[in-house]
Amino acid sequence: MFKLNHNEFFDNNKVINVLPRLPQEPFPEHCHDFHELVLVKSGCGIHFCDGRAIHVSRGSILYLKDEDVHFFDQLDNLCLTNVLFMPDEFHSSPDLISLLTESCRSDSGQIMVGQNIQQQAELLLIQIREENERQDTYSSLMVETLFSQLAVLLWPCIVTGK
């Protein structure tokens, strides 16, 4: 097991990085010094986190804190988007991480969202990626705002189970 460092994944003072994995390639067990949301677009596999195994498929969303030891196994055309972020570097509301923790960190290890929520989340991720590529004065604020919208979008999913 090894630890990934944020310097490998974040540049230009960015605090959020969106990385599509189409498909996810085998990657060894690891942890990192940043947080991660994983949104499964298609396919399936098994996600191991801190010794616990859960089946993931389209609509699965995982929230991994720093230091969570994890990896995917039995990949069957698993396509996903990794949203890496460093919450201690956010300039916006400190409640954002609480909201994400409440939204995406369920007892089962994942939440499942329906097609409508998944499509809305994917659109927000596209906007975050596009805004991250811009280097204007308010890009970082816009990225955090879009990320906040994602958190608010996902919040009712844990409450209703949809």
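Scoring rules and cut-offs
Throughout this document, residue positions are counted from 1 along each chain, in the order its sequence is written. For a predicted model such as this one, the threshold for reporting local features is a pLDDT of at least 70, and the threshold for listing and counting side-chain atom pairs is 80 or more; totals across whole chains, interfaces and linings nevertheless cover every residue. Note that water and hydrogens are dropped before the side-chain values are worked out from all heavy atoms of the structure. By the criteria applied, helices consist of DSSP H or I runs no shorter than four residues and strands consist of E runs no shorter than two, each listed in order from the N terminus. A simple rule labels every residue: compare its accessible area, found with a 1.4 Å probe on the protein chains alone, to the largest value its type can have, and call it buried under 20%, exposed over 50%, or partly exposed in between. Any two residues having at least one pair of non-hydrogen atoms within 4.5 Å are treated as being in contact. Put simply, a salt bridge is a Lys or Arg side-chain nitrogen that is within 4 Å of an Asp or Glu carboxyl oxygen. By this rule the span expected of a helix is its residue count minus one, scaled by 1.5 Å. Throughout, the arc means that of the directions going from the helix axis to the C-beta atoms. We define a polar contact as two N or O atoms separated by no more than 3.5 Å, with the added condition that, inside protein, one atom must be a possible hydrogen donor and the other a possible acceptor, whereas residues neighbouring each other in sequence contribute only through side-chain atom pairs. Each residue carries a pLDDT score, the predictor's own confidence in it, on a scale running from 0 to 100. Note on pairing: DSSP must find at least two bridges between two strands before they are called paired.

Give a detailed account of the overall build of the protein, specifying residues and quantitative values.
Secondary structure summary: the protein contains three helices and eight strands in total. Helices and strands in the protein line up, N terminus first, as β-β-β-β-β-β-β-α-β-α-α. Within the protein, the proportion of its 162 residues that are buried is 45%. Long-range contacts, defined here as pairs at least 24 residues apart, represent 78% of the contacts in the protein between residues at least 6 apart.

Go over the pattern of salt bridges, please, and point to the residues and values.
Taken as a whole and assessed by the stated rule, the structure comprises four salt bridges. In this structure, lysine 3 and glutamate 67 form a salt bridge, with 2.5 Å as the shortest nitrogen-oxygen distance. Here glutamate 67 lies in the loop between strand S6 (60–64) and strand S7 (70–85) and lysine 3 lies in strand S1 (residues 2–4), a separation of 64 residues in the sequence. Overall, the relative accessible area of 42% leaves glutamate 67 in the partly exposed class. For glutamate 131, the salt bridge goes to arginine 134, with nearest N and O atoms at 3.5 Å. For glutamate 131, a relative accessible area of 11% puts it in the buried group. Through salt bridges with shared partners, one network takes in Glu131, Arg134 and Asp136.

Go over helix H2 (residues 115–133) with me, naming the residues and quoting the values.
Helix length check: H2, at 19 residues, gives a terminal C-alpha distance of 27 Å against a target of 27 Å (1.5 Å per residue), a fit within 8%. Taken together, the buried positions of H2 are occupied by Ile117, Gln118, Ala121, Leu124, Leu125, Ile128, Glu131 and Asn132. On an axial view of H2, the arc spanned by its buried residues comes to 150 degrees, and they lie on one face. Of the residues in H2, the exposed ones pointing more than 90 degrees away from the buried face are Gln115, Asn116, Leu123 and Glu133.

Let's hear about the side chain of serine 139: which residues, and what values?
Inspection of the secondary structure puts serine 139 in helix H3 (residues 139–160). What makes serine 139 buried here is its relative accessible area of 5%. Reaching out from serine 139, the side chain makes a polar contact with the side chain of aspartate 136 at a distance of 2.7 Å. With sequence-adjacent residues up to four places away left out, serine 139 is seen in contact with Glu131 and Arg134.

So what's going on with the environment of glutamate 25? Residues and values would help.
Along the polypeptide, glutamate 25 turns up in the loop between strand S2 (16–21) and strand S3 (30–32). Under the relative-accessibility criterion, glutamate 25 is labelled exposed at 53%. Taking the C-alpha atoms as reference, glutamate 25 lies 9.1 Å from asparagine 77; in sequence the two are 52 residues apart.

Lay out the confidence of the model for the protein with the relevant residues and their values.
Averaged over all residues, the pLDDT of the protein is 83; the fraction at 70 or higher stands at 84%. Within the model, the stretch residues 158–162 combines pLDDT values under 50 with ten contacts to residues more than four positions away or in other chains.

Got a sec to walk through the pairing of S7? Specific residues and values, please.
The pairing of S2 with S7 spans six bridges and is classified as antiparallel. What sits directly across from valine 18, in S7, is valine 83. Here strand S4 (residues 35–49) pairs with S7 via twelve bridges, running antiparallel. Considered in S7, the bridge of leucine 37 is made with valine 83.

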